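Here is how the chains run, residue by residue.
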Amino acid sequence: MQIDPFPSREIGIFDSGVGGFTVLHELRQLLPGARLRYLADTAYAPYGARTPEDIRQRSLVIAEHLIASGAELIVVACNTATAHAIEALRARWPNLPFVGTEPGIKPAVAATRNGRIGLLATPATAASARLRSLIERHAGDREVVVQGCAGVVDHIEAGDLDSPELRSLVQRYCEPLRTASVDTALLGCTHYPLIEPLWRAALGPNVELLRIETAVARRTVALWAPMPADQAALNIETSGDPTALSIWIERVLGWRRLNVQAWQPETQNGQQTLAI
Ligand code: DGL
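Residues numbered from 1 in each chain as written. Predicted model: local features only at pLDDT ≥ 70, side-chain atom pairs only at ≥ 80, totals over all residues. Heavy atoms only, no water.

Remarks on the sheet that holds strand β1 (residues 10–15)
Put simply, the test is: If DSSP finds at least two bridges between two strands, the strands pair. The way it works is that DSSP assigns letters per residue, a run of H or I at least four long becomes a helix, a run of E at least two long becomes a strand, and they are numbered from the N terminus. Two residues qualify as a contact provided that any one of their heavy atoms is within 4.5 Å of a heavy atom in the partner residue. Every angle, taken between N-to-C directions, lies between 0 and 180 degrees, and every axis is a line fitted to C-alpha atoms, over only the stretch in contact when it is a helix.
An order of β4-β3-β1-β2-β9-β10 is seen for the 6 strands of this open sheet, with the pairing classed as parallel. Across the chains shown, the open sheet's two edge strands, defined by having one partner strand only, are β4 (98–99) and β10 (259–262). Here strand β9 (residues 233–238) pairs with β10 via 4 bridges, running parallel. Residue pairing across strands places Asn-235 opposite Asn-259, the latter belonging to β10. Where helix α1 (residues 21–30) meets the sheet, its contacts fall on β1, β2 (35–40), β3 (71–76) and β9, and the angle it forms with β2 comes to roughly 175°.

Printed below as a string of structure tokens:
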């Protein structure tokens with residue numbers, strides 16, 4: 001009898017919702033032969049409005065599911081989950097590689113000419129100790145203006161990528177960056193590149209906008225050794241409505257005929273860990 005040494009070995013990727021697709025897009029280019037499973041925790045989005053403990057608990061439950069499905073590497077395609085949960089994930093599964101997503105302070109420091117950097121993130125990321133420490137370690141004497149952007153992710157999740165309401169929200173959040181005359185701005189949430197033209201319009205032509213998802217995908221490639229037995233596949237799961245997510249994916253990303261399935265975590269001791 002032949003034993004398959006790597007039965008459905010895969011890379012697990014998760015985000016609160018559709019934001020991690022910006023990372024998944026890069027991963028599909030760089031690892032076309034890999035088996036990928038993406039989990040959108042749509043029912044609990046946005047993470048940016050949740051408490052650190054909620055974000056940690058959700059991330060642990062999701063990682064457990066991805067590992068049970070065959071993940072041998074997990075990409076946390078979410079700045080907010082990275083900020084509040086990556087240490088807990090690594091402590092729980094010390095032998096599994098986790099690739100986190102964090103604002104590229106170092107590239108921003110290298111790019112800025114006037115020493116003023118703007119960082120747009122979810123409220124939970126903006127308030128995190130991990131982000132503070134990242135800035136303290138890498139920004140040196142550069143000024144970093146951190147702006148939490150409540151509400152932006154809700155628009156994107158709902159499929160609104162350009163409306164007067166969203167534009168005025170983006171304008172409002174970019175105002176402090178403009179007042180501080182930043183010349184470099186970081187999109188510190190994986191949802192934000194989906195509305196990159198709006199950020200650009202609000203920040204003006206003299207601000208360089210930096211994204212992080214290519215670096216996250218490259219880090220994944222560095223940690224993932226392709227094997228001859230790997231079979232390319234993409235499975236997408238959501239804690240929300242699979243039909244609504246399929247429609248969003250097809251309309252915004254143009255990806256067709258994808259397998260989108262519903263996922264609900266097992267209840268533990270008869271109790272759901274969080275209320276939606
Ligand atoms: N896309 C996520 C991030 O990078 C989370 C957004 C949210 O759910 O608030 O932070």
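Still more ground to cover, so stick around.
Considering unusual backbone geometry
Heads up, the condition is: Buried means the residue's accessible area, taken with a 1.4 Å probe over protein chains only, is under 20% of the maximum for its type, while exposed means over 50%, and partly exposed covers the values in between.
Omega for the peptide link from Ala-45 to Pro-46 comes to 0°, which places this bond in the cis form. Relative to the helices and strands, Pro-46 is located in the loop between β2 and α2 (52–68). In this structure, Ser-181 takes a positive phi of about 55° despite not being glycine. Considering the arrangement of structural elements, one finds Ser-181 in the loop between α8 (164–179) and β7 (184–188). On the basis of relative accessible area, Ser-181 is assigned to the partly exposed category, the value being 38%. Unusually for a residue other than glycine, Arg-257 sits at a positive phi of about 50°.

Topic: the site of the ligand
Rules: For each residue, the test is whether any non-hydrogen atom lies within 4 Å of the molecule or strand; if one does, the residue is near. Nitrogen and oxygen atoms within 3.5 Å of one another constitute a polar contact, given that in protein one can donate a hydrogen and the other can accept it, and given that sequence-neighbouring residues count only through two side-chain atoms. Accessibility throughout is a Shrake-Rupley quantity obtained with a 1.4 Å probe, and a residue counts as covered only by protein chains that appear here. Using a grid of 1 Å spacing that covers the protein atoms alone, one calls a set of points a cavity when a 1.4 Å probe fits there but cannot get out, and a pocket when the set is open and has protein on both sides within 12 Å along at least five of seven lines; lining residues are those with an atom within 4 Å of a point. For a molecule to be placed in a cavity or pocket, more than half of its atoms must lie within 2 Å of the grid points of that cavity or pocket.
Around the ligand, the structure places 13 residues, and the nearest of them are Ser-16, Tyr-47, Gly-48, Thr-80 and His-191. With respect to the ligand, the backbone of Asn-79 contributes an N or O atom lying 2.8 Å from an oxygen atom. At a separation of 2.7 Å, a nitrogen atom of the ligand approaches a polar side-chain atom of His-191. For the ligand, whose accessible area on its own is 300 Å², the fraction buried by protein is 99%. Of all the cavities here, the one that holds the ligand is the largest cavity.

Observations concerning the pattern of salt bridges
Selection rule: Whenever Lys or Arg places a side-chain nitrogen within 4 Å of a carboxyl oxygen from Asp or Glu, that contact is recorded as a salt bridge.
Under the criterion given, the structure shown has 20 salt bridges. The salt bridge involving Arg-9 is made with Glu-72; its shortest N-O contact spans 3.5 Å. Residue Arg-9 is located in the segment before β1, and its partner Glu-72 is located in strand β3; the two are separated by 63 residues in the primary sequence. A salt bridge links Arg-50 to Asp-54; its shortest N-O distance comes to 3.6 Å. Accessibility expressed as a relative area gives 18% for Arg-50, which makes it buried. Judged by relative accessible area, Asp-54 falls into the buried class, the value being 18%.

Describing the packing of α8 against helix α9 (residues 196–203)
Our working definition: Should an angle lie under 35 degrees it is considered roughly parallel, over 145 roughly antiparallel, and from 65 to 115 roughly perpendicular; all remaining angles are considered oblique. Left-handed is the label given to a crossing in which the near helix is rotated counterclockwise from the far helix by less than a right angle, and right-handed is the label when the rotation is clockwise.
Packing of α8 against α9 leaves a shortest axis separation of 9 Å and a crossing angle of 50°. Considering their axes alone, α8 and α9 lie oblique with respect to each other. Every pair of crossing elements has a handedness; the one defined by α8 and α9 is right-handed. In contact with Leu-166, Arg-167, Val-170, Gln-171, Cys-174, Leu-177 and Arg-178 of α8, α9 contributes Leu-198, Trp-199, Ala-202 and Leu-203.

Focus on the side chain of Thr-22
By the secondary structure assignment, Thr-22 is in helix α1. Here Gly-19 takes part through its backbone oxygen, which lies 2.8 Å from a polar atom of the side chain of Thr-22. Discounting chain neighbours no more than four positions away, the residues touching Thr-22 are Thr-190, Pro-193, Leu-194 and Glu-213.

Thoughts on the layout of surface pockets
Our working definition: Grid points are joined across faces, edges and corners, and a volume is the space filled by probe spheres set on the points. Charged residues are taken to be Asp, Glu, Lys and Arg, nonpolar residues to be Ala, Val, Leu, Ile, Met, Phe, Trp, Tyr, Cys and Pro, and polar residues to be all remaining types, Gly included.
Empty space within the largest pocket amounts to approximately 420 Å³. Considering the residues around the largest pocket, the lining is formed by 21 residues, among which Gly-100, Glu-102, Pro-103, Leu-134 and Ile-212 are closest to the centre. Of all the secondary-structure elements, those providing two or more residues to the lining of the largest pocket are α3 (79–92), β4, α4 (105–111), α6 (129–138) and α10 (213–223). Here the lining of the largest pocket is composed, by residue class, of 11 nonpolar, 5 polar and 5 charged.

What about the environment of Pro-205?
Residue position: Pro-205 is located in the loop between α9 and β8 (208–210). By relative accessible area, Pro-205 is classed as exposed at 81%. Separated by 69 residues in sequence, Pro-205 and Glu-136 have C-alpha atoms that sit 28 Å apart.

A few points about the environment of Leu-210
Locating Leu-210 in the fold gives a position in strand β8. It is 9.1 Å that separates the C-alpha atoms of Leu-210 and Ala-111, two residues lying 99 residues apart in sequence. Setting aside residues up to four positions removed in sequence, Leu-210 forms contacts with Pro-107, Ala-108, Ala-111, Thr-184, Ala-185, Leu-186 and Leu-187.

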